[in-house]
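# Examining the three-dimensional arrangement
If you want the building blocks of each chain, they are given just below.
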Amino acid sequence: MQTKFQPTTAIVFLSILFGSFADAQTPKPSRGWLTVDTIMRDPKWIGTSPDNVYWSEDGEKIYFEWRRDGDEGDSLYVMNADGGQARRVTIEERRKLPSRFGNYTKDWAKKTYVRDGDVYVLDIRRNAETQLTQTVAGESNPRFTFDERKVTFERDGNLFLRNLATGAEIQLTNLRSGSRPSEPKRTELQKALEGRQTELFDVLKKRKDDREAQKKLQEFLELKKPKTFYLDQKNASGFLLSPDEKHVTLVLSESQSAAKRTIVPNYVTESGFTEDINARTKVGEPTTIFEFFVYNIGLDSMMTVKPDSISGLIPTKSPADTSKTKPKPRPVSYNGPYWSHDGKSAFVQVFSQDNKDRWIVALDVEQAKFSTVVERQHDDAWIGGPGVRFGSVGWMPDNKRAYFQSEADGWSHLYTATIDGKTKTQPTKGKFEIYQPMMSRDKKRWYFTSNEVHFGEQHFYSMPLEGGSRTRITSMEGRNQAILSPDEDRIAMLYSFSNKMPDLYVMENRAGAKATRWTESASAEFSSYDWRVPHVLTFKARDGVDVPARLYKPEKPNSAAVIFVHGAGYLQNAHKWWSSYFREYIFHNLLIDKGYTVLDIDYRASAGLGRDWRTSIYRFMGGKDLDDQVDGAKWLMEQHGIDANRIGIYGGSYGGFITLMALFTQPDVFAAGAALRPVTDWAHYNHGYTSNILNIPQEDTVAYHRSSPIYHAGGLKKPLLICHGMVDVNVHFQDAVRLVQRLIELKKENWELAVYPVEDHGFREPSSWTDEYKRILKLFDSHLMK
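The rules behind these values
Residues numbered from 1 in each chain as written. Predicted model: local features only at pLDDT ≥ 70, side-chain atom pairs only at ≥ 80, totals over all residues. Heavy atoms only, no water. Helix = DSSP H or I, 4+ residues; strand = E, 2+ residues; numbered from the N terminus. Rg over C-alpha atoms; globule rule 2.2 N^0.38 Å. Buried < 20%, exposed > 50% of the residue type's maximum accessible area, 1.4 Å probe, protein only. Contact = heavy atoms within 4.5 Å. Areas by Shrake-Rupley, 256 points an atom, 1.4 Å probe, with all protein chains shown as cover. Core = buried A, V, L, I, M, F, W, Y, C linked by side-chain atoms within 4.5 Å. Pairing = 2+ DSSP bridges. Axes fitted to C-alpha atoms, helices over the stretch in contact; angles between N-to-C directions. Parallel < 35°, antiparallel > 145°, perpendicular 65-115°, else oblique. Nonpolar A, V, L, I, M, F, W, Y, C, P; charged D, E, K, R; others polar. Patch = residues over 30% accessible without salt bridge, like charges linked within 9 Å, V, L, I, M, F, W, Y side chains within 5 Å. Salt bridge = Lys/Arg side-chain N within 4 Å of Asp/Glu carboxyl O. Lys, Arg positive; Asp, Glu negative; His and termini not counted. Charge placed at Lys NZ, Arg CZ, Asp CG, Glu CD. Polar contact = N/O pair within 3.5 Å; in protein donor to acceptor, adjacent residues only side chain to side chain. pLDDT = per-residue confidence, 0-100. Phe/Tyr/Trp six-rings, centres within 6.5 Å; stacked < 30°, edge-to-face > 60°. Left-handed = near helix turned anticlockwise from the far one by under 90°.

### Some thoughts on the overall build of the protein chain
When its secondary structure is counted, the protein chain shows 15 helices and 46 strands. The globule rule puts the C-alpha radius of gyration for 786 residues at 28 Å, and the 31 Å found for the protein chain is close to it. Its C-alpha atoms give the protein chain principal-axis dimensions of roughly 110 × 75 × 60 Å. Counting all 786 residues of the protein chain, 51% fall into the buried class. Sequence-distant contacts in the protein chain: of pairs separated by 6 or more residues, those separated by 24 or more amount to 57%. For the protein chain, the exposed surface amounts to about 38,300 Å²; the carbon and sulfur share of it is 50%.

### Points about the nonpolar core
Across soluble globular proteins, nonpolar side chains show a tendency to be buried alongside one another. Core analysis: the largest hydrophobic core is formed by 60 residues, its most contacted members being Ile 563, Leu 599, Phe 670 and Trp 682. Element by element, the count of residues in this core is highest for helix α11 (residues 654-665), at eight residues. Ignoring any residue separated from it by four or fewer positions in sequence, one finds Trp 682 in contact with Val 283, Met 621, Tyr 654, Phe 657, Tyr 689, Thr 690, Leu 694, Tyr 704, Ser 707 and Ser 708. With 42 residues, the next largest nonpolar core counts Tyr 529, Tyr 581, Tyr 756 and Leu 777 among its residues.

### Describing the pairing of strand β32 (residues 459-464)
Taking burial as the measure, the six residues of β32 include five buried ones, the bulk of the element. Where strand β31 (residues 445-450) lies against β32, six bridges are found, and the strand directions are antiparallel. When the sheet's bridge partners are listed, Tyr 447 is paired in β32 with Ser 462. By the bridge criterion, two bridges tie β32 to strand β33 (residues 471-472) in an arrangement that is antiparallel. Bridge assignment links Tyr 461 to a residue of β33, and that residue is Arg 472.

### What about the packing of helix α10 (residues 624-640) against α11?
Taken N-terminus to C-terminus, the directions of α10 and α11 make an angle of 70 degrees; their axes are 10 Å apart at the nearest point. On the basis of their axis angle, the class for α10 and α11 is roughly perpendicular. Along the contact surface, α10 presents Asp 625, Leu 626 and Gln 629, while α11 presents Tyr 654, Phe 657, Ile 658, Met 661, Ala 662 and Thr 665. A class-by-class count of the residues in the contact of α10 with α11 yields six nonpolar, two polar and one charged.

### Structural notes on a negative patch on the surface
Negative charge collects at one region of the surface, where Asp 58, Glu 60, Asp 82, Asp 487 and Asp 489 lie side by side. Residue classification places Glu 60 among the partly exposed positions, given a relative accessible area of 47%.

### Description of unusual backbone geometry
Residue Pro 337 is reached from Gly 336 by a cis peptide bond, and omega for that bond is 15 degrees. Position of Pro 337 among the secondary structure elements: in strand β22 (residues 332-339). Of note, Asn 399 is a non-glycine position whose phi angle comes to about 65 degrees, a positive value. You can see Asn 399 is positioned in the loop between β26 (394-395) and β27 (401-406). Judged by its relative accessible area of 17%, Asn 399 is buried. Of note, the phi angle at Arg 619 is positive, near 70 degrees, even though the residue is not glycine. Residue placement: Arg 619 occurs in the loop between α9 (611-614) and α10. Take Arg 619: its relative accessible area is 27%, and that puts it in the partly exposed class.

### Quick notes on the environment of Lys 111
Positionally, Lys 111 belongs in strand β7 (residues 110-115). Sequence separation between Lys 111 and Thr 262 is 151 residues, and the spatial gap between their C-alpha atoms is 42 Å. For Lys 111, the contacting residues outside a window of four places in its chain are Glu 57, Ser 99, Arg 100, Phe 101, Gly 102, Asn 103, Tyr 104, Tyr 120, Val 121, Leu 122, Ile 124 and Phe 144. For Lys 111, the side chain forms a polar contact with the side chain of Glu 57, separated by 2.7 Å. A polar side-chain atom of Lys 111 sits 2.5 Å from the main-chain carbonyl oxygen of Ser 99.

### With respect to the side chain of Asn 573
As for its placement among the helices and strands, Asn 573 is situated in the loop between β41 (561-565) and α8 (582-593). Residue classification places Asn 573 among the buried residues on the basis of a relative accessible area of 2%. A polar side-chain atom of Asn 573 sits 2.6 Å from a polar atom in the side chain of Ser 579. With residues up to four places along the chain from it excluded, the contact list for Asn 573 reads Arg 550, Phe 564, His 566, Ser 579, Tyr 581, Asp 600 and Asp 602.

### Quick word on the confidence of the model for the protein chain
Confidence in the prediction of the protein chain, expressed as mean pLDDT, is 93, and 96% of residues score 70 or more. Counting contacts from residues 1-24, a segment whose pLDDT is below 50, to residues more than four positions away or on other chains yields 27 contacts.

### Digging into the sheet that holds β7
Note: strands within a sheet are paired through backbone hydrogen bonds, in either parallel or antiparallel orientation. Taken together, the four strands give an open sheet; going across it, the order is β6-β7-β8-β9, and neighbouring strands pair in antiparallel fashion. Strand pairing shows two members of the sheet lacking a second neighbour, β6 (103-104) and β9 (128-131), which therefore form its edges. Relative to β9, strand β8 (residues 118-123) is paired through four bridges, and the arrangement is antiparallel. Of the residues in β9, the one forming a bridge with Val 121 is Thr 130.

### Comments concerning the pattern of salt bridges
Per the counting criterion, the structure on display carries 53 salt bridges. With a closest N to O distance of 3.1 Å, Asp 209 and Lys 205 form a salt bridge. In this pair, Asp 209 and Lys 205 both sit in helix α6 (residues 202-221), four residues apart, roughly one turn of the helix. Residue Asp 771 is joined to Arg 775 by a salt bridge in which the shortest nitrogen-to-oxygen separation is 2.7 Å. Here Asp 771 pairs with Arg 775, and both are found in helix α15 (residues 766-784), just four residues apart, close to one helical turn. Using a relative accessible area of 31% as the deciding quantity, one classes Arg 775 as partly exposed.

### Description of the packing of aromatic side chains
Counted according to the given criterion, the structure contains 44 aromatic pairs. Centre to centre, the rings of Phe 539 and Trp 635 are 5.6 Å apart; their planes meet at 25 degrees, and the pair counts as stacked. Of this pair, Phe 539 sits in strand β39 (residues 535-540) while Trp 635 sits in helix α10, and the two are 96 residues apart along the sequence. Trp 635 shares its class with Phe 539; the two are buried. Arranged with centres 5.9 Å apart and planes meeting at 10 degrees, the rings of Tyr 603 and Tyr 654 form a pair that is stacked. With Tyr 603 in the loop between β42 (597-601) and α9 and Tyr 654 in helix α11, the pair connects residues that are 51 residues apart, well separated along the chain.

### Some words on a nonpolar patch on the surface
On the surface, a nonpolar cluster with roughly 370 Å² of combined accessible area is contributed by Leu 200, Phe 201, Val 203 and Leu 204. Along the chain, the position of Leu 200 falls in helix α5 (residues 188-200).

### Details of the packing of α8 against α15
Where α8 meets α15, the closest approach of the two axes is 12 Å, and the angle between their N-to-C directions is 35 degrees. For α8 against α15, the interelement crossing comes out right-handed. Along the contact surface, α8 presents Arg 583, Glu 584, Phe 587, Leu 590 and Leu 591, while α15 presents Trp 769, Tyr 773, Ile 776 and Leu 777. Class assignment of the residues belonging to the contact of α8 with α15 gives a composition of seven nonpolar, no polar and two charged.

In structure tokens form, the structure reads like this:
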């Protein structure tokens, strides 16, 4: 790996003079030499792309994580903003660097952040750093106060305030875990004896009176300290001081003791003993309870902000329900508050825990109550989409409107709404999605990434603040991940294409500007292969919709095909940029070398294609998403001459689940399948992901039964390979074990289980990757090659 430099005049001359000779000496990329052993080595054989790119606060340097020859792991590198050679940052330099994250003053002149557990303030214009704390206890979440004269931060579960001028520190809250200590219990006899003692002996009475008077005087003379509030088993988070510094908002959360956590046994350990890994709960177990509080500093009191008044929170009673019992409010979680730029108004995001609703509600901090509903988003399936649940929310410059993302028109777009909820606008519209919208520092325009050009491309755009014409700034086909410089004049960009891993480019922040490549990350060995560019296309499904896919077409097809099913459910892989499934991409090139046709489908519920696509598997995983695999197989037969008896299927995680459903419920379509770390019974997966799509098992047994492969295992006819890591804390190894027992009881014989004792959900060891993919290749070669 090397950094690309600007050529001098002499080098250009020599290149022209000896160009033909150089071309003759440089070996052209070739094909045919790939093997599983080659592919599944440590990924450093490929090269390592830059990552976590950011600008220095003065815009003079660009930092990024990278790995070059001699680096044991990813290291921090730096380049001057005008180009030059990438240099590894020394340990001494890294210790002094400001954090890339933090909170800024309104004019962006100062920044506060945490480094090594202590709070700092950086004067950006003077490049002067001030350390505010130096404690054993770690501080976190520093913020400037509204007047920017002080900084708040969290320490030991409480909020503190530091005056920047005087250095004085004040503890604003005094929350403690556990229960309030109780006074020692005394018997009636003990109380009576004490009373008689002070009646009989004046010296005892006087000493007691003096002691109590001294205590009151001490309390009067001492700086007033906040009252202690005991939290029992609850945890406090999300502390935020109001702009007038009279209130602190926070959220209390309490995990339910009745929720049973799972255990993952770890057999290959340093101790030689089997060790248990405490893991997650299963879907449907009692979830964490959240409460929103306002602490009034002046009154030294904590007030609960109840959500009961939020419209739509309490379920409507069914006409068939004649009982006198009133429906209870649905459990919710909170995000915020978000204060307006003038410090006069605030709103909070509220999410129902059944995943059906999102509210943006105005907060009356003085009265400790939610008032107007600014925005309500409801989805009969589940709330989701880019920017909807996390981020992409704030205030417009007029202090009268909130901005947010919503799928109201079927695609994730930018919206604004007045704080009274009466007027809503939609600055972006169209059958595309936007990602990570951010306001320019002068608050005159928006910047965001979008797939407007093509569902398989991502480009960087700017747009006037109130909407209007969108200006596409990037132009290279593929994915353009833009990072703006502090002055917003330049863009550092990670760009990648289907067969080109991400590299760092720099360009001016204007449409039509040329992006200059600054790094070359691919190794010489990787570059020596002529990697295919898969054709990104769509095919018609049985219901008439266009299904995106990537097609790998061999030069000499052998009438056999493999369908790859990506994981994660809500993820995109039929695109034109470097895939996170880079091992699979390389493996597919090996399959093509052997004559296989490979199809990689963005089935129903994949990302990038809007709300209806995202939610089309609601209450039935293995329904339309599996139909897309079957329709893809039919398309391969009809359009590419693939033999109906020579189609295999494989994938990991959700892709492994789909593979099982394919072989169990569509046994005549696929000749063989490899299910890697698959979910076999959704009732045993986690709550956050599963309850979105299938509700909870005790309330929707139909959805879980028809969506879980273990209930359909009797349909297995064709060869099945199951591969699973034994210390998988995501999809537990128990899933594979339970399915194996079911296959044994069903007297099925054409299956195989390969276990990997030291692997989690994502494999780490090259030897494990190699073993797994040799088994997959053997499965396909044995049953698809004829």
